[in-house]
Amino acid sequence: MSGIKLTFTPTAPRRLGTIFVVDDNPIERSMLMDYFEKYPGIEVKGFPNGDDCLKEIILSSISPDMILMDYFLDSEVANSKDGLEILVKLKEISPNSAIIMHTSVDNTRIIELAKKKGAYDYIVKGMEGFKKLDVIIEKEFMLNFLMNCIVILKSTFCLMELKNYMDIKVKCLKNPL
């Protein structure tokens, strides 16, 4: 019994690793994709419309950690679905993705509707929008870090309890009543 060695190998930390950007304006889409370069380790993919984003998730089985999506998505393809229609479908096929509406539409009714349909947040484009996006991303990184710490602490505590139990058991076997 004394040869038992308890080890703990933590699982790889969950992190903000994949972000999809859905914007029909190629300049806006490119600017947002470039913006994420300041965050190391994040893979960013861009899509000109929601249908392309949906197809990518379905065909690749990739569930992005975050999706930034414009509200109006019809400048390249007439009659494209708007961001709210795509939001509903995204929540069905990728329920764990944090979907953030990133748009120039600053309308209280649309903001409330987007959140009601499952949007993680709603950001109005512009400098203030980028500041808010930074806060969201930093919050996600911190939340993921803290969750990993909790998992490690719980596992460590369980291993300590198991070791204490095994030590008591060994003592009992060596010194029976």
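Definitions and cut-offs
- Residues numbered from 1 in each chain as written.
- Predicted model: local features only at pLDDT ≥ 70, side-chain atom pairs only at ≥ 80, totals over all residues.
- Heavy atoms only, no water.
- Core = buried A, V, L, I, M, F, W, Y, C linked by side-chain atoms within 4.5 Å.
- Buried < 20%, exposed > 50% of the residue type's maximum accessible area, 1.4 Å probe, protein only.
- Helix = DSSP H or I, 4+ residues; strand = E, 2+ residues; numbered from the N terminus.
- Contact = heavy atoms within 4.5 Å.
- Axes fitted to C-alpha atoms, helices over the stretch in contact; angles between N-to-C directions.
- Parallel < 35°, antiparallel > 145°, perpendicular 65-115°, else oblique.
- Nonpolar A, V, L, I, M, F, W, Y, C, P; charged D, E, K, R; others polar.
- pLDDT = per-residue confidence, 0-100.
- Salt bridge = Lys/Arg side-chain N within 4 Å of Asp/Glu carboxyl O.
- Polar contact = N/O pair within 3.5 Å; in protein donor to acceptor, adjacent residues only side chain to side chain.

Q: Help me understand the nonpolar core in this model?
A: As a rule of thumb, nonpolar side chains are buried together in soluble globular proteins. Residues Val22, Cys53, Ile67, Met69, Leu90 and Met101 are the most contacted members of the largest nonpolar core, which totals 21 residues. Every element with two or more residues in this core is listed here: strand E1 (18-22), helix H2 (50-60), strand E3 (66-69), helix H3 (83-93), strand E4 (98-103) and helix H4 (108-116). The leading source of residues in this core is H3, at 4 residues. If we skip the residues at most four places from it in the chain, Val22 touches Phe47, Asn49, Gly50, Cys53, Ile67, Leu68, Met69, Asp70 and Leu73. The next biggest cluster of nonpolar side chains, apart from the first, holds 15 residues, and it includes Tyr39, Met66, Ile100 and Ile137.

Q: Help me out: how do you make sense of the packing of H2 against H3 in this one?
A: Packed helix pairs are characterised by how far apart their axes lie and by the angle those axes make with each other. Between H2 and H3, whose axes approach to 10 Å, the crossing angle comes to 5°. By the criterion of interaxial angle, the relationship of H2 to H3 is roughly parallel. Contacts between H2 and H3 involve Gly50, Asp51, Cys53, Leu54, Ile57 and Ile58 from the first element and Ile86, Lys89, Leu90 and Ile93 from the second. Split by residue class, the contact of H2 with H3 holds 7 nonpolar, 1 polar and 2 charged.

Q: What exactly am I supposed to notice about the confidence of the model for the protein chain here?
A: Reading predicted coordinates in detail is not appropriate for stretches of low pLDDT. Residues with a pLDDT of 70 or more make up 67% of the protein chain, whose mean pLDDT is 79. Predicted confidence is poor over residues 4-14, with pLDDT under 50, and the contacts of this stretch with residues over four places away or in other chains come to 13 contacts.

Q: I would appreciate a short explanation of the pattern of salt bridges in the present structure.
A: Pairing is possible between side chains of opposite charge, provided their charged atoms come close. Counted by the stated rule, this structure contains 7 salt bridges. Ionic pairing is found between Lys125 and Asp23, a salt bridge with its closest N-O pair at 2.9 Å. Highlighted residues: Lys125 in the loop between strand E5 (121-124) and helix H5 (127-174) and Asp23 in the loop between E1 and helix H1 (26-35), separated in sequence by 102 residues. With relative accessibility at 22%, the residue Lys125 sits in the partly exposed group.

Q: What is the right way to look at the side chain of Asp23 in this model?
A: Assessed through its relative accessible area of 1%, Asp23 is described here as buried. A polar contact is formed between the side chain of Asp23 and the backbone nitrogen of Asn25, at a distance of 2.9 Å. Those residues in contact with Asp23 that sit more than four places away from it in its chain are Glu28, Arg29, Phe47, Pro48, Asp70, Leu73 and Lys125.

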